[in-house]
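Coordinates in review
Spelled out, the chains give:
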Amino acid sequence: MDATVSFVLNGKPVTVSSPRDRMLVWVLRDELGLTGTKVGCEAGLCGACTVLVDSEATLSCSTAVGDVAGKSVLTIEGLALDGKLDPVQKAFQDHHAFQCGFCTSGMIMAAWAFLKKKPRATRTEIVEAMEGNICRCGAHVRILDAVESAGKAKGGVR
Amino acid sequence: MRRRTFLQGAAAGALTFFFTTPAGAAPVEPTRPGTYPEDFNAYLKISADGRVGCFVGKTELGQGAMTVLAMLVAEELELDPAQVDMLLGDTDLCPWDMPTGGSLTMWHTAPVLRGAAAEARAVLLGMAAKALGAATADLALKDGAIWVKATPKRRITFGELVKGRKMERHLGKVKPKPLSECTVIGRHFPRKDALAKTTGAAKYAGDLRLPGTLHACILRPPAHGLKLVTADTAAAERVPGVRIVRDGTLLAVLHPQPDTARKALALVKGTFEGTEPDVDDGRIYQYLVDKAAPGQRVMISRGDVVAGEKRAATVVEGEYRNAYESHATLEPHTAVAKWEEGRMTVWASNQSPFVFRDAVAEALKLDKDKVRIVTPFVGGGFGGKLVAPVAVETARIARQVPGVPIQVAWNREEDLFLDGYRPAAVVKIRSGLDAGRGAITFWDSVVTGVSQGEAEFAYEMQTNRYQAPAVPDLHPLKIGAWRAPNAHTNAFARESQLDALAAKAGLDPVTLRRRLANDPRLLRLLDLAVETFGWEPAPGPTGRGIGLACGAWRQALVVAMAQVAVDKATGKVRVERFLEAVDVGLVVNPDGARQQVEGAITMCIGQALSEEIHFKGGHILDKNFDTYLLPRFSAIPRIQVVFADSGTTTTQGIGEPPVVPVAAALANAVFDATGARVTHVPFNPERVLEALKHVAAR
């Protein structure tokens, strides 16, 4: 049964008609055309679908759209502000912290949520924070370097 | 450029790469099948606005083909790589090429592309000389313009010269610039896919949203060996919007929403018949050996190994195994197909556009020119996307619903079930060292499950013999090419065996390799590794937990050194650091090459320690990443990469070579830490504990 669900998406209010238990990732990708959020395992095991819900890293493959009603959802497409890349995105670019790129949106969103809370984290804390996100190409060391440097960047995450 | 304009420009550029036809592009078939076209226009097109488009039949898997190939074109045409627009993997627009595998891009395609760009440069200079009324020797070339050196105002751009047309002049083979004049090769450039991949703009096959797309979920047998006989689709068909397509044993549930198609598929009740293989992940090794034994043949033989054994003072016998391993690309196999006006277009996540085209044409009984493969960004390959099943099944469904785009995106369970695995294997070796501890007197090896590929190495052996089976359909499960196929299995066995010989003879592992090396490049690489890692020679096990292994892929050589800590209570291996010294000839893109080495080491830490396909009969027990264990951040150590200055101008590919010695270096490090030899990849905690028991019992 379709319900009307309203939330804020990348800074703008949206209303979708969907069963409340439909997973957010499908609504984002299929109803709203935001395909930067990826589907890697559909079981919350790989982190490729990570988005921010009220600034918390959230697995959109395991979160019902009904549960984000009235909340603020940020996807990779909404991270750059007025065409200016977020420091986390910039750090991933500068470090070439990706290869195939399929995990990258989820990595950046997970890193963003973590750095928001703890910009000057230790390497061990970064490893712990990113442990739920899988990279198959083996960009691990560069991803950690990127997250570390983004945290230290002037101004940090926005 | 202000970042805002840059961002918009690049986001638009990402679309241009794949979804529109650059001006002047036209299909160019080679004159002979299986060869590269000789006309440089097949690779390079200059549009009316002077942009240089580069067309190559490879695909961007994350390995950086897009960037390094643009660098080669930029080198010859005096551009920044950012000024070269790459279009990869479109069988209508790109010249024929081999699959994107086997580390062939830099080995085969790069010289062809560089030659084409060199010829284009000479042709452009000739055209400019005529247009400007000057001698070519008096001209300068940079950033898409050519001018007279003495009077820079006499200047013409590529766009003005070519006017969007094909360049008709040909000069035949033109020598690329000498290395001493190169300004792009060997320098650091931003990856061309960096902006698209960090902003979510990069489109993968599953991201295409063609109007009217139906998502198809396919009914799979519960086990290998079984085929669909009957299906009750009544319940699924009651779901609004569902369509069922059948084509022989292929049954697909179609719906505009991918998740609804998946849920409706669960309502289909199928019956299956057939025979599952009678084997499981425990019995597989004996199964392979028994099945292969009658077909074992001597593949390589030098001298008399029986006589060689009589000269040996130290003899070691070893048996080395590896499990089935999945490619497990983070992007599962995905394709979109549309049947329209007698042509099938397939947007496919793939490593081999022309193989996919031919496979789809064959399956649908179409002429090859009626099939077009388009390749968006690919979310990892590693050999798994060399084969075309997803493109074929998507096209078969699309053929039945003309005009409707069909998307098939395997879920993780399908991807782990349908993958062609790195073969399980058993390598038995009996070998010996002479009393002087400087010569291998014999090396007698039986390889089962893979070929003898790269079993030999740059070591002197007085006598050797390698047997491998010629048994078709040896494996009960589907196998495929997994990054450095055969080579990493054989290197694991060889380098573990050498380590065991060195230990038994009381010899430092590096010293043994130095004595055996018959290639000065290997000696130099060992020196480089020793110096960078700080290897202090001592016979193992020393308790330090350091291990060495060497490997080759074609002419490329790699020396790996690892340091591990082993928790003897749990059997858990923690990798503390890992070094590879690599000789791949001329390194065109240093950061790209480094990424490949880092990636290979990281990936193979998973191969060595945790990745294994568990199965019982035809049932694949791993359904997702909860039991199929990829290496996560906490498993990855500090990684050092050093490239040898080989002094050559030829380039080897680098996708495969750094994979080859990783598992062996880690196993040898485990031995050095504990005295326990792990011989079964992956050496997960259970297998490490088992190996430790043997040490305790000794």
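What counts and how
- Residues numbered from 1 in each chain as written.
- Chains lettered and ligands numbered in written order.
- Predicted model: local features only at pLDDT ≥ 70, side-chain atom pairs only at ≥ 80, totals over all residues.
- Domains from an automatic or database assignment.
- Contact = placed C-beta atoms within 7 Å.
- Nonpolar A, V, L, I, M, F, W, Y, C, P; charged D, E, K, R; others polar.
- Axes fitted to C-alpha atoms, helices over the stretch in contact; angles between N-to-C directions.
- Helix = DSSP H or I, 4+ residues; strand = E, 2+ residues; numbered from the N terminus.
- Left-handed = near helix turned anticlockwise from the far one by under 90°.
- Pairing = 2+ DSSP bridges.
- Parallel < 35°, antiparallel > 145°, perpendicular 65-115°, else oblique.
- pLDDT = per-residue confidence, 0-100.

Residue and element names in this part refer to chain B. If you check the domain split of chain B, you get domain 1 (3-198), domain 2 (205-274 + 333-409) and domain 3 (284-324 + 421-697). Here the C-alpha centre of domain 3 lies 39 Å away from the C-alpha centre of domain 2. Across the boundary between the two partners, domain 2 contributes 10 residues, which contact 9 residues of domain 3. Here the side of domain 2 that touches domain 3 is built from residues that sort into 6 nonpolar, 4 polar and no charged.

Here we take up the packing of helix H3 (residues 104-117) of chain A against helix H5 (residues 140-152) of chain A. Helix packing geometry: the angle between the two helix axes and the distance between the axes. Residues and elements named next belong to chain A. Orientation of H3 relative to H5, taken along the N-to-C sense of each, is 40°, at an axis distance of 10 Å. In this structure, the crossing between H3 and H5 has a hand that is right-handed. From H3, Met107, Ala111 and Leu115 reach across to H5, where they touch Ile143, Val147, Ala150 and Gly151. Grouping the amino acids of the contact of H3 with H5 by side-chain chemistry returns 6 nonpolar, 1 polar and no charged.

Here the focus is the pairing of strand S1 (residues 2-9) of chain A. Residues and elements named next belong to chain A. The pairing of S1 with strand S2 (residues 12-19) spans 8 bridges and is classified as antiparallel. Paired with Val8 across the bridge in S2 is Pro13. As consecutive antiparallel partners, S1 and S2 are separated by 2 residues, and within that stretch Asn10 has a phi angle of approximately 50°, a positive value. Here S1 pairs with strand S5 (residues 72-74) via 2 bridges, running parallel. Considered in S5, the bridge of Leu9 is made with Val73.

Bringing the interface of chain B and chain A into the picture now. Taken together, the contacts link 49 residues of chain B with 46 residues of chain A. For the side of chain B that touches chain A, the secondary structure elements donating two or more residues are helix H1 (3-19), helix H5 (194-198), helix H7 (258-265) and helix H16 (590-609) of chain B. For the side of chain B that touches chain A, the class distribution of residues is 19 nonpolar, 16 polar and 14 charged.

Residues and elements named next belong to chain B. Two numbers describe how helix H13 (residues 487-504) lies on helix H17 (residues 662-674): the axes approach to 8 Å, and their chain directions differ by 30°. Judged on the interaxial angle alone, H17 and H13 are roughly parallel. The handedness of the crossing between H13 and H17 comes out as right-handed. Contact with H13, carried on its side by His488, Ala491, Phe492, Glu495, Ser496 and Asp499, involves Ala663, Ala664, Ala667, Asn668 and Phe671 of H17 and no other residues of that element.

Take the confidence of the model for chain B next. Residues and elements named next belong to chain B. Averaged over every residue, the pLDDT of chain B is 94; residues scoring 70 or more account for 95%. pLDDT under 50 marks residues 1-27. Its contacts with residues more than four places away, or in other chains, come to 44 contacts. Interface scoring of the predicted complex returns ipTM 0.98; its pTM is 0.95.

Turning our attention to the domain arrangement of chain A. Residues and elements named next belong to chain A. Parsing chain A into structural domains produces domain 1 (2-78) and domain 2 (87-152). Between the C-alpha centres of domain 1 and domain 2 there is a distance of 21 Å. The interface of domain 1 with domain 2 comprises 15 residues on the first partner and 13 residues on the second. Looking at the side of domain 1 that touches domain 2, the elements that each hand over two or more residues are strand S3 (50-53) and strand S4 (56-59).

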